[in-house]
Amino acid sequence: LSEHSIKNTCKTRKQFVMSNFNDYPILQNAPFAFASFRVSYMENAIPVECEFLQVNDAFEKLTGLKSKNIIGKKVKEIFPDLGLGDSDLIAQFNEVIENCTEKTIEPYSKTFGRWFKIHVSSLRKGYLEVFIEEINLEYNFAHAVKELTEFTWKNIDYRRIAFFMKEISGADYVVVNKFDKEGKS
């Protein structure tokens, strides 16, 4: 590829991400959450705040927020507690913004009480795009399998098993009963 075609490819990709959703209904109707942001900087060029530019339907469903109520607003206005205790998450976002790169992370959000897989991308300085997928079930299942494989018949903890089954199933209550061969508890 020539340098000219590489620049044009990057330009086209940037135009796609920064374009209006009406031009690309596949992104608006995608099964994963998407949001794009404009980044504000301090005087020393450190990113400090992001303003919502676009969100898709899946983002609205995941967060419970309507685009008409958040477009043009700062992230801290919408999520004032976001980042509290998550300085590593903020640092990773800042790294992506500062280097105009991309990264996939799997943080736990205290704001939403769930695990997410987030692909963070900054295709041009001053802008940020995120693709978000909830992975709570997958995370809870993997964690439960790891914990449950450590039990033996001598140290089995039925309350712990019930806890993991509740987490995996999403049920409000789980009961585990211990029966002998004749079915007596």
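Criteria and thresholds
Residues numbered from 1 in each chain as written. Predicted model: local features only at pLDDT ≥ 70, side-chain atom pairs only at ≥ 80, totals over all residues. Heavy atoms only, no water. Phe/Tyr/Trp six-rings, centres within 6.5 Å; stacked < 30°, edge-to-face > 60°. Buried < 20%, exposed > 50% of the residue type's maximum accessible area, 1.4 Å probe, protein only. Lys NZ or Arg CZ within 6 Å of the ring centre and 35° of its normal. Helix = DSSP H or I, 4+ residues; strand = E, 2+ residues; numbered from the N terminus. Contact = heavy atoms within 4.5 Å. Expected span 1.5 Å × (residues − 1). Arc of directions from axis to C-beta. Axes fitted to C-alpha atoms, helices over the stretch in contact; angles between N-to-C directions. Parallel < 35°, antiparallel > 145°, perpendicular 65-115°, else oblique. Left-handed = near helix turned anticlockwise from the far one by under 90°. Nonpolar A, V, L, I, M, F, W, Y, C, P; charged D, E, K, R; others polar.

Draft legend 1. Broad picture of the packing of aromatic side chains. Per the counting criterion, the structure on display carries 7 aromatic pairs. A ring pair is formed by Phe 52 and Phe 59, whose centres lie 6.0 Å apart and whose planes are at 65°; its orientation type is edge-to-face. Phe 59 gets classed as buried once you look at its relative accessible area, which sits at 4%. Through successive ring pairs, a cluster of aromatic residues spans Phe 32, Phe 34 and Phe 131. Lying over the aromatic face of Tyr 127, Arg 124 brings its terminal NZ or CZ to 4.1 Å of the ring centre.

Draft legend 2. Structural view of the environment of Phe 32. Among the structural elements, Phe 32 can be located in the loop between helix H2 (25–28) and strand E1 (33–41). The residues touching Phe 32, leaving out its near neighbours within four places in the chain, are Leu 27, Asn 56, Ala 58, Phe 131 and Ile 132.

Draft legend 3. Representation of helix H7 (residues 136–148) within the structure. In this model H7 runs 18 Å from its N-terminal to its C-terminal C-alpha over 13 residues, within 8% of the 18 Å that 1.5 Å per residue would give. All of the buried residues in H7 are Asn 136, Asn 140 and Ala 144. Burial along H7 is one-sided: seen end-on, the buried residues are contained in an arc of 55°. Among the structural elements, strand E5 (114–121), strand E6 (127–134) and helix H8 (158–169) are those in contact with the buried residues of H7.

Draft legend 4. View of the packing of H7 against H8. Direction vectors running N to C along H7 and H8 enclose 160°, while the axes themselves pass 9 Å from each other. By the criterion of interaxial angle, the relationship of H7 to H8 is roughly antiparallel. Crossing of H7 against H8: the hand is left-handed. On H8, the residues touching Leu 137, Asn 140, Phe 141, His 143, Ala 144, Glu 147 and Leu 148 of H7 are Arg 160, Ile 161, Phe 164, Glu 167 and Ile 168. Within the contact of H7 with H8, the residues separate by chemical class into 7 nonpolar, 2 polar and 3 charged.

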